[in-house]
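Geometric and topological summary
Spelled out from the first residue to the last, the chains are:
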Amino acid sequence: MSVHELTDDQREIRDLTRRFADEKIAPFASQWDRDHHFPRELFGELGELGLMGVCVPEEHGGAGADFLAYMLVLEELSRADAGVGVTVAVHTSAGTLPILNHGSAEQIEAHVPRLASGEELSAFALTESGSGSDAGAMRTRVSDDRITGAKQWITNGSFASTFIVFAKERDKPSAFLVRAGAAGFAVTREEEKMGLNSSSTADLAFEDTPAERLGESGNGMRVALRTLDGGRIGIAAQAVGIAQAALDLATGYAKERNAFGGPIARFQAIQHKLADMQTEVEAARALVWRAARLKEGGKPHSVEGAQAKLFASGVARRQTGEAIQILGGYGYTKEFPAERYYRDAKVTEIYEGTSEIQKLVIARALLGEAMRGG
């Protein structure tokens, strides 16, 4: 996409993030991946730059930028390290914005400034072992504002201070705020993953844990779905960042790698791969920007967000594989980051709604009642 489509503020935020990512993230990403290291100190630095609350209003401690600027931040962070990208994405889209959208004035004042500054991290606890895409099957329960149950695969789980937790109340999900360290709350496991090894993915347990209601009773699914509508645009931006990193790596390698008397970039097979990669990355970016602008304008964006995530995640998976192919044997080694990009890309087709769920959202809008059959 042309930089001329961006405002001066959006370009400035993107360039700031790019410089930070190139200097403070990319040189260490491979080591963080190998060590499964969560770079907690990094998020304080991002907070000082206003990048942990990019689209949070200034009166609540954020940078006050628009939603597209936030997507640009996620893309640039993910280009350097997708684990850092998803930490910021979940912290902001799923952990901070729902408090702004559904919290009381007291809750916003108590939590949002600390989150927007990067002083604290947040998490979104919806998934359980038996309820992923089928959130209505959750077994976690609440009684008298005390939660009992367990949550699985919670991004930022081992490091967050504020959790948005969903629990059934008289058979309808409600949303609650839970603080780390509350009675009966425990992180029970840190997940070993295929990729995103610089991020935290944890299982949580609640045993009669005190919680503070977020929004109205029985309104949990509305909170969750509204959050996921915006959150999946962020994951699409993450996927674009991963795919862009793979394209940059493959392009640079093709110019430098010599075979049969010259750079492999002169071979049409390589040229066609790179042309397809760039075209798909740009198309994915365009879908992300469209969905972000709709959300910023307060317009319906569920379908557009689903389209962005569906397409961008597929692009990331396919084009990271193509980068490995262009690098040949080197692409299959840890000497180059292509294999890390490949591992990191796959999960973008799974979390915040699988690709199959995105297709269901799109088809439902397209077909309406006809989907129900006779």
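Residues numbered from 1 in each chain as written. Predicted model: local features only at pLDDT ≥ 70, side-chain atom pairs only at ≥ 80, totals over all residues. Heavy atoms only, no water.

An unreviewed UniProt entry annotates the chain as Acyl-CoA dehydrogenase family protein of Solirubrobacter ginsenosidimutans. The annotation that UniProt attaches to the chain under Sequence similarities (unreviewed entry) is "Belongs to the acyl-CoA dehydrogenase family." Per UniProt, the chain carries the Cofactor (unreviewed entry) text "FAD". (UniProt positions renumbered as here; feature names shortened; annotations may be inferred.)

Description of the overall build of the chain
When its secondary structure is counted, the chain shows 11 helices and 10 strands. Relative to the compact-globule value of 21 Å for 374 residues, the chain shows a C-alpha radius of gyration of 21 Å, a close match. Along the first, second and third principal axes, the C-alpha atoms of the chain reach 75 × 55 × 40 Å. Put simply, the chain has 374 residues, and 53% of those count as buried. With an accessible surface of roughly 16300 Å², the chain has 51% of that area assigned to carbon and sulfur atoms. (Helix = DSSP H or I, 4+ residues; strand = E, 2+ residues; numbered from the N terminus. Rg over C-alpha atoms; globule rule 2.2 N^0.38 Å. Buried < 20%, exposed > 50% of the residue type's maximum accessible area, 1.4 Å probe, protein only. Areas by Shrake-Rupley, 256 points an atom, 1.4 Å probe, with all protein chains shown as cover.)

Observations regarding a nonpolar patch on the surface
Judged by side-chain polarity, Leu 360, Leu 366, Leu 367 and Met 371 come together as a nonpolar surface patch covering roughly 380 Å² of accessible area. Positionally, Leu 366 belongs in helix 11 (residues 355-367). (Patch = residues over 30% accessible without salt bridge, like charges linked within 9 Å, V, L, I, M, F, W, Y side chains within 5 Å. Salt bridge = Lys/Arg side-chain N within 4 Å of Asp/Glu carboxyl O.)

Description of the pairing of strand 5 (residues 172-179)
Within strand 5, six of the eight residues are buried, which leaves the element mostly enclosed by the surrounding structure. Taken together, the eight bridges between strand 4 (residues 162-169) and strand 5 define a ladder with antiparallel strand orientation. Across the sheet, the residue bridging to Val 165 is Phe 176, located in strand 5. Where strand 4 hands over to strand 5, the hairpin turn is made up of two residues, of which Arg 170 adopts a positive phi near 50°. Summarising the sheet, strand 5 and strand 8 (residues 212-214) pair through three bridges and their orientation is antiparallel. Along strand 8, the bridge assignment pairs Ala 175 with Leu 214. (Pairing = 2+ DSSP bridges.)

Digging into the pattern of salt bridges
Side chains that differ in sign of charge can pair as their charged atoms come close. Enumeration over the complete set of coordinates arrives at 24 salt bridges. For Glu 45, the salt bridge goes to Lys 24, with nearest N and O atoms at 3.1 Å. Of this pair, Glu 45 sits in helix 2 (residues 40-48) while Lys 24 sits in helix 1 (residues 8-35), and the two are 21 residues apart along the sequence. Its relative accessible area of 35% is what places Lys 24 among the partly exposed residues. Close ionic contact of Glu 191 with Arg 189 constitutes a salt bridge, the shortest N to O distance being 2.6 Å.

Some remarks on unusual backbone geometry
Leave glycine aside and you will find that most residues have negative phi; peptide bonds, for their part, are mostly trans. Non-glycine residue Asn 156 carries a positive phi angle of around 75°. Relative to the helices and strands, Asn 156 is located in the loop between strand 3 (146-155) and strand 4. Given the relative accessible area of 0%, Asn 156 is considered buried. The phi dihedral of Asp 208 falls on the positive side, at around 55°, and the residue is not glycine. Within the secondary structure, Asp 208 is located in strand 7 (residues 201-210). Given a relative accessible area of 41%, Asp 208 falls into the partly exposed group.

Quick word on the packing of helix 3 (residues 67-80) against helix 8 (residues 268-296)
Relative orientation of the contacting elements helix 3 and helix 8 amounts to 145°, with a least axis distance of 8 Å. Across the interface between the two elements, Phe 67, Leu 68, Met 71, Leu 72 and Glu 75 of helix 3 pack against Arg 285, Val 288, Trp 289, Ala 292, Arg 293, Lys 295 and Glu 296 of helix 8. In terms of residue class, the contact of helix 3 with helix 8 is built from seven nonpolar, no polar and five charged. (Axes fitted to C-alpha atoms, helices over the stretch in contact; angles between N-to-C directions. Contact = heavy atoms within 4.5 Å. Nonpolar A, V, L, I, M, F, W, Y, C, P; charged D, E, K, R; others polar.)

Some remarks on the UniProt feature "domain: Acyl-CoA dehydrogenase/oxidase N-terminal" (unreviewed entry) in the chain
In the UniProt entry, the feature "domain: Acyl-CoA dehydrogenase/oxidase N-terminal" (unreviewed entry) is given for residues 7-119. Secondary structure within residues 7-119 divides into 73% helix and 0% strand; the distance between the first and last C-alpha atoms comes to 29 Å.

Overview of the side chain of His 102
Relative to the helices and strands, His 102 is located in helix 5 (residues 97-102). The contacts of His 102, once residues within four sequence positions are left out, are Leu 214, Gly 215, Arg 222, Val 223 and Arg 226.

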